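Observations on chain architecture
Spelled out, the chains give:
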Amino acid sequence: MLPPDVLDLRGVAARLGVSYAMLQSSWRTLPGFPPPFMGARKGQRPRWSLQAINDFKAGKRFSAFEAAPVAPSHRHPVANDVVRTPVTDTVAALLAAAGG
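Residues numbered from 1 in each chain as written. Predicted model: local features only at pLDDT ≥ 70, side-chain atom pairs only at ≥ 80, totals over all residues. Heavy atoms only, no water.

**Notes on the overall build of the protein**
Helix and strand counts for the protein come out as four helices and two strands. The order of helices and strands in the protein, counted from the N terminus, is β-α-α-β-α-α. Across the protein, every contact between residues at least 6 apart in sequence was considered, and the portion connecting residues at least 24 apart equals 51%. Put simply, the protein shows about 7400 Å² of open surface, and 58% of that area lies on carbon and sulfur atoms. (Helix = DSSP H or I, 4+ residues; strand = E, 2+ residues; numbered from the N terminus. Contact = heavy atoms within 4.5 Å. Areas by Shrake-Rupley, 256 points an atom, 1.4 Å probe, with all protein chains shown as cover.)

**Thoughts on the pattern of salt bridges**
Tallied over the entire structure, the rule returns one salt bridge. Across the pair Glu66 and Lys60 runs a salt bridge whose closest N-O atoms are separated by 3.3 Å. On the basis of relative accessibility, which here comes to 30%, the residue Glu66 falls in the partly exposed class. (Salt bridge = Lys/Arg side-chain N within 4 Å of Asp/Glu carboxyl O. Buried < 20%, exposed > 50% of the residue type's maximum accessible area, 1.4 Å probe, protein only.)

**What to know about the confidence of the model for the protein**
Per-residue pLDDT for the protein has a mean of 84; in total, 86% of the residues score no lower than 70. The secondary structure element of the protein with the lowest average pLDDT is helix 4 (residues 90-97), at 81, and the one with the highest is helix 1 (residues 9-16), at 95. (pLDDT = per-residue confidence, 0-100.)

**Topic: the layout of surface pockets**
Roughly 170 Å³ of internal volume is contained in the second largest pocket. Forming the boundary of the second largest pocket are Trp27, Arg28, Leu30, Phe33, Pro34, Pro35, Pro36, Phe62, Ser63, Ala64 and Glu66. When grouped by side-chain class, the residues that make up the lining of the second largest pocket number eight nonpolar, one polar and two charged. (1 Å grid on protein atoms, 1.4 Å probe; cavity = no way out; pocket = protein on both sides within 12 Å on 5 of 7 lines; lining within 4 Å. Points joined across faces, edges and corners; volume = space filled by probe spheres on them. Nonpolar A, V, L, I, M, F, W, Y, C, P; charged D, E, K, R; others polar.)

**Section: the environment of Pro69**
Among the secondary structure elements, Pro69 is positioned in the loop between helix 3 (50-57) and helix 4. Each C-alpha atom, one on Pro69 and one on Trp48, is 7.8 Å from the other, the two residues being 21 residues apart in sequence. When near neighbours in sequence (up to four residues on either side) are disregarded, Pro69 contacts Pro35, Phe37, Ser49, Ala52 and Phe62.

Here you go:
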């Protein structure tokens, strides 16, 4: 699930009122269309900042050399990401996991 300030291609198409198929085939060649802040390479899933798409809809045009606007939520780690730490004492780790 995407954060509310990040749009995928379907979300961008819905926000701009165009078809997904049209946008999928031409987003790279639309004049002034904002670059995605992630997933711009072949085979990747592009993601746009909601603010960038709203700016484009309001008339702002982005240059080819302009940095992609990053969604604020992308700067923070996902809340459910597990950070693995090495277990030094397996018995203590098992007891802690069991609630003891």
